[in-house]
Amino acid sequence: MTTPPIIHCDKLTKRFGSFTAVHDLELDLLPGTVLGFLGPNGAGKSTTIRMMLGLSKPTSGTVRLFGEDPLRGRAVRARVGYSPGELRLDDRLTVAATLRSWARLRGGVDEAFRDRLIDRLGVQVDRHVRGLSTGNRRKVALVGALMSRPELLILDEPTNGLDPLVQHEFMCILEEVTASGTSVLLSSHILSEVERIADRIVVIRAGAVVADGATDELRRGASQEYRAVFTDTAPAPSALESLSGSRSVDSPQAGELRVQWAGPPRELLRKLSEYDLESLTAPEPDLGTAFMSYYRNDHSPELSERGAW
């Protein structure tokens, strides 16, 4: 029997007047999965998340949260921990009062777990929210999202403003809660964080999905840079530009070529073997490389017409 998704988006679309922020978006999040949700500012990530939570109504298409319409089945929100990208906290309250207020709205929390989170993230509960820095406000929001041990965490730029030590501690906490079965939708510009924890990646561009797959698969599918150094004169870039996997070729200095290559390198290696090659290096592609690859190399006519890049 197929496990139903916790989040299911079907042709999800959101327009603001003549501007389409999200276009026919298809997305599923299965239980126990950590999904990295990637795209630059303006790609439609936060708009999509707001529709998932029932905070914004789709123009067309559907979104289901735990099988229900989040606009109508508001009880499902109690099963979600949410940290928004743009924080709005009540400046009149202390941090302790803020957390108590959120706990009442949720109908109670695991207080021992909340206190451990406060300690690990270095939250100063006696301070007024008004005087908190961006990073300290973010820590309050993260405690609020985690303290009820929700089934689903939706995190929009969760480490924005945190210092490196707190970022590291938060990622350790996140690994612990996901190991216990919590599902996560993680939207972040810090690609190393997503690569560290995500099982699957969805990349959106101009509100539409341009890549969706396992993290390792997307990384392997990225264009990779090969640096070839020759014992004598390097061949002209045109000798490699016609190869099927070649994306770009340049010669930064005499006797050297750098090749952006997509796919298996067999054809490239055969061609290079025709020359006196001194060395060939190819660093392992990371998620950042894959991310930029999917943005630069997508040639969808529909996206091009919409001015996606």
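It should be noted that the structure appears before, not after, this text.
Predicted model, so just to flag it, every value in this text is computed and none were measured.

Below, the discussion takes up empty space enclosed by the protein. In this structure the tally under the stated criterion is one cavity of 30 Å³ or more. In this model, the largest cavity occupies a volume close to 30 Å³. In this structure, the largest cavity is lined by G122, V123, Q124, L132, N136, K139 and V140. Residue composition of the lining of the largest cavity, grouped by class: three nonpolar, three polar and one charged.

A few words now on the sheet that holds strand β13 (residues 277-281). Ordered by their spatial adjacency, four strands build an open sheet running β11-β12-β10-β13, and the pairing between neighbours is antiparallel. The open sheet has two edge strands, β11 (246-250) and β13, and neither has a second partner. For this sheet, the mean angle separating the axes of adjacent strands, direction not counted, is 20°. With four bridges connecting them, strand β10 (residues 224-230) and β13 associate as antiparallel partners. Across the sheet, residue F230 finds its bridge partner in β13, namely L277.

Here S56 lies in the loop between α1 (45-52) and β4 (60-65). A distance of 3.4 Å separates the side chain of S56 from the side chain of K14, its partner in a polar contact. Among residues more than four places away in sequence, those in contact with S56 are K14, R50, M51 and L71.

With five of its seven residues buried, β10 lies for the most part within the structure. Judged from the six bridges that link them, β10 and strand β12 (residues 256-261) form a sheet pairing that is antiparallel. Within β12, the position partnered with Q224 by the bridge is W261.

Let us look at the nonpolar core. With 38 residues, the main nonpolar core has L121, V143, L153, L155, F170 and L174 as its most contacted residues. The dominant element in this core, judged by the number of residues it contributes, is helix α5 (residues 164-179), at six residues. Of all hydrophobic cores here, the second largest spans 26 residues; its members include C9, V22, M51 and L53.

Moving on: the side chain of S187. With respect to the helices and strands, the residue S187 is situated in strand β7 (residues 183-187). In contact with S187, other than residues within four places in its own chain, are F37, K45, I49, L155, D156, E157 and P158.

When the charged atoms of two side chains lie near each other, side chains of opposite charge can form a pair. Counted under the stated rule, the structure contains 13 salt bridges. Ionic pairing is found between E175 and R196, a salt bridge with its closest N-O pair at 2.9 Å. Highlighted residues: E175 in helix α5 and R196 in helix α6 (residues 191-197), separated in sequence by 21 residues. In this structure E175 comes out as partly exposed when scored by relative accessible area, which is 32%. For E256, the salt bridge goes to R258, with nearest N and O atoms at 2.9 Å. Of the residues examined, E256 reaches a relative accessible area of 2% and is grouped as buried. Three or more residues are tied together by salt bridges with common partners; here these are R120, E169 and E176.

Parameters at a glance
- Residues numbered from 1 in each chain as written.
- Predicted model: local features only at pLDDT ≥ 70, side-chain atom pairs only at ≥ 80, totals over all residues.
- Heavy atoms only, no water.
- 1 Å grid on protein atoms, 1.4 Å probe; cavity = no way out; pocket = protein on both sides within 12 Å on 5 of 7 lines; lining within 4 Å.
- Points joined across faces, edges and corners; volume = space filled by probe spheres on them.
- Nonpolar A, V, L, I, M, F, W, Y, C, P; charged D, E, K, R; others polar.
- Pairing = 2+ DSSP bridges.
- Helix = DSSP H or I, 4+ residues; strand = E, 2+ residues; numbered from the N terminus.
- Axes fitted to C-alpha atoms, helices over the stretch in contact; angles between N-to-C directions.
- Polar contact = N/O pair within 3.5 Å; in protein donor to acceptor, adjacent residues only side chain to side chain.
- Contact = heavy atoms within 4.5 Å.
- Buried < 20%, exposed > 50% of the residue type's maximum accessible area, 1.4 Å probe, protein only.
- Core = buried A, V, L, I, M, F, W, Y, C linked by side-chain atoms within 4.5 Å.
- Salt bridge = Lys/Arg side-chain N within 4 Å of Asp/Glu carboxyl O.

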